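# Chain and residue survey
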Amino acid sequence: MSTINCNNCNHVFSSESNYYSHYLTVHKSNSTSIKKILILGGGFGGITVLREIEKNFKKSKVEITIVSDENYFLFTPMLPQVISGLLHPSNISTPIRYFCKKAKFLQAIIESIDLDQQLVTIQRSFDNKMRALEYDYLVLALGGNTNYFKNHNLEKHSFSMKSIEDAIAVKNHIILMLEHAAQTGNYELQKMLLTFVVVGGGFAGVETISEINHFVRHSISKFYPSINPKNINIVLISSKERILPEINEELSKKAWESMEKAGINILKNTRADDAGEEFVMLNNGEKLPCATLIWTGGITMNNVVSELKCEHGESGRIVVDEILRMKNRENVFVLGDCALIKDSNLDSFYPSTAQHAIREGKLIVENLKALFKNEKKLKKFSFHSIGVMAIIGNRTGIATIRGYSIIGITAWLIWRAYYLAKIPTLGKKLKISVDWATDFLLTRDITLIGTIKKKKIHFIHITDNVPSIKQQLSSNLG
Ligand SMILES: Cc1cc2nc3c(=O)[nH]c(=O)nc-3n(C[C@H](O)[C@H](O)[C@H](O)COP(=O)(O)OP(=O)(O)OC[C@H]3O[C@@H](n4cnc5c(N)ncnc54)[C@H](O)[C@@H]3O)c2cc1C
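Residues numbered from 1 in each chain as written. Predicted model: local features only at pLDDT ≥ 70, side-chain atom pairs only at ≥ 80, totals over all residues. Heavy atoms only, no water.

As named in an unreviewed UniProt entry, the protein chain is NADH:ubiquinone reductase (non-electrogenic), taken from Nitrosopumilus ureiphilus. In its Catalytic activity (unreviewed entry) section, UniProt records this for the protein chain: "a quinone + NADH + H(+) = a quinol + NAD(+)". (UniProt positions renumbered as here; feature names shortened; annotations may be inferred.)

This is the structure:
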């Protein structure tokens, strides 16, 4: 951050601390009766908190603000189905404003958090101006970033799988590889273009490779007669002895067998150590020629979280107490992938999943309600999921529910029913059902969408609507 431009009054500051003292003396609101709840992050954690607050704080004197860098909530478990053209991207995303009745939404990048001053600095994307937001209660749900373990080549030459843009980019790239492969009779080149590698044996990796496998084989059989299907090479790289460590060993073995039968080549105890435009280098010294590498190999914290002055644990996540509060900060709640929460029953940490983020969000709002009623006793977090499930192929899934293991079409149907129920709006539920239903009748779409032009509007100078300091002092800017 070089200079800071206050968006309330246009003054420029050379440091964050100067800006904060200016904000606190000139702009800080004087109202103490209206409490401010600030939610950071519009993913599973942040949106659950927002929805629960909207339900439970209808009559309370409270100001709710949610900030996120995207204007939508993304339903990540269905992201792999966007790659395979099964679902339309907008059907798995819901605008955050849809959930805001009392709350205010700001699409902006969160730059930093000052826990002592109780201020969060955000940056507007169109003119890069900074703005400080005050809070009485802070809810931190900033998720995580893809972890490339500081390997620049892996980051540069692979796709990540976190956002809608990622899924669209991977889908486009796969189709482009099929178009290229259809035009070459060179065996080596065709094999390289038709090698699709996913790194990571967890849920995201397994579901992504399974969708790619089906999409590639299906599309080639329908539309690419000049491609020899024997040249297709779909590879999943797992650093562990087995895939899906969250499920029991027997089911993991069955999932492995089913995926291999469908044509996926799984490399166990293997790591990707390096990559270039046309290859991935494995830790056993093998150089695997491939034009498509997708990385789902773990998460790390973004700068806002890692620079916070608090206790950090495994992968840089924030250590919280049983109430889900940051240690020594009673008004800061942390949840989801950026929180490290100890499961005292198992003496381990709760996994980073959407299921957990949702449960944590619900508990935080229950405790906020109690705090607003001046109740002293707050609830501790305890949750044991009744099951986990994943899609591992065309009409094939695996699930463990209350200790029972299921594999095949039944698990696949349970997956669809469960996740469809979790989609937040009726409209999107209907659209997804239509996408799924038409898949029984129609072929997958192989339209190659070209580069999408994005016009940058940085550094626009708006001078005509900047209120005077006097006006700002008399009204809390929206
Ligand atoms: C492909 C894939 C498949 C998955 N499948 C499953 C599954 O089947 N089941 C399951 O339980 N879990 C699944 N997960 C994991 C699940 O998505 C995460 O555990 C969950 O999203 C965590 O929720 P969160 O709110 O902590 O973080 P996120 O959902 O990642 O939300 C973080 C939010 O913060 C915003 N943000 C971050 N930094 C900033 C910043 N500086 N400024 C502004 N905004 C910021 C982000 O844009 C985002 O909106 C999957 C994940 C992926 C990627």
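Having seen the model, we can carry on.
The tendency in soluble globular proteins is for nonpolar side chains to be buried side by side. Ranked by internal contacts, the top residues of the largest apolar core, which has 126 residues, are L40, L50, M78, I92, I113 and L140. The greatest single-element share of this core, amounting to eight residues, is contributed by helix α5 (residues 164–181). When residues are assigned to domains, this core turns out to be shared by domain 1 (1–69 + 108–144 + 301–385 + 448–478) and domain 2 (152–298 + 407–423), each giving three or more. In this view, I113 contacts L40, L119, V120, Y135, L138, L140, V304 and L308; residues no more than four positions away in its chain are not counted. With 14 residues, the next largest nonpolar core counts L154, V199, A272 and L293 among its residues. (Core = buried A, V, L, I, M, F, W, Y, C linked by side-chain atoms within 4.5 Å. Buried < 20%, exposed > 50% of the residue type's maximum accessible area, 1.4 Å probe, protein only. Helix = DSSP H or I, 4+ residues; strand = E, 2+ residues; numbered from the N terminus. Domains from an automatic or database assignment. Contact = heavy atoms within 4.5 Å.)

On to empty space enclosed by the protein, then. With the rule as written, the count across this model stands at three cavities of 30 Å³ or more. What the second largest cavity holds in volume is close to 60 Å³. Taken together, the elements giving at least two residues each to the lining of the second largest cavity come down to α10 (354–372) and α11 (409–422). Here the residues of the lining of the second largest cavity sort into seven nonpolar, one polar and one charged. Among the domains, domain 1 (1–69 + 108–144 + 301–385 + 448–478) and domain 2 (152–298 + 407–423) are the pair contributing at least three residues each to the lining of the second largest cavity. (1 Å grid on protein atoms, 1.4 Å probe; cavity = no way out; pocket = protein on both sides within 12 Å on 5 of 7 lines; lining within 4 Å. Points joined across faces, edges and corners; volume = space filled by probe spheres on them. Nonpolar A, V, L, I, M, F, W, Y, C, P; charged D, E, K, R; others polar.)

Below, the discussion takes up the sheet that holds strand β18 (residues 279–282). An order of β17-β18-β19 is seen for the three strands of this open sheet, with the pairing classed as antiparallel. A single partner strand is all that each edge strand has here, and the edge strands are β17 (272–276) and β19 (287–289). The average undirected angle you get between the axes of adjacent strands in this sheet is 25°. With three bridges joining them, β18 and β19 adopt antiparallel strand pairing. The partner of M281 across the bridge, within β19, is K287. (Pairing = 2+ DSSP bridges. Axes fitted to C-alpha atoms, helices over the stretch in contact; angles between N-to-C directions.)

At a minimum axis distance of 9 Å, the contact between α11 and helix α12 (residues 426–439) shows a crossing angle of 150°. The orientation of α11 relative to α12 falls into the category roughly antiparallel. Relative to α12, the crossing made by α11 is right-handed. Touching W415, R416, L420, A421 and K422 of α11 are K429, I432, S433 and W436, all from α12. In terms of residue class, the contact of α11 with α12 is made up of five nonpolar, one polar and three charged. (Parallel < 35°, antiparallel > 145°, perpendicular 65-115°, else oblique. Left-handed = near helix turned anticlockwise from the far one by under 90°.)

What follows deals with a nonpolar patch on the surface. Nonpolar side chains collect at one region of the surface, where F440, L441 and L442 lie side by side and expose about 370 Å² of accessible area between them. For L442, the location among the structural elements is in the loop between α12 and α13 (469–474). We classify L442 as exposed; its relative accessible area is 53%. (Patch = residues over 30% accessible without salt bridge, like charges linked within 9 Å, V, L, I, M, F, W, Y side chains within 5 Å. Areas by Shrake-Rupley, 256 points an atom, 1.4 Å probe, with all protein chains shown as cover. Salt bridge = Lys/Arg side-chain N within 4 Å of Asp/Glu carboxyl O.)

What follows is about the layout of surface pockets. Looking at the second largest pocket, its volume works out to about 960 Å³. Lining the second largest pocket are 32 residues, with E70, Y72, Q107, E165 and K454 positioned closest to its centre. For the lining of the second largest pocket, the secondary structure elements donating two or more residues are β6 (93–95) and α5. Per-element tally for the lining of the second largest pocket: the top contributor is α5, with five residues. For the lining of the second largest pocket, a count of residues per class yields twelve nonpolar, eleven polar and nine charged.

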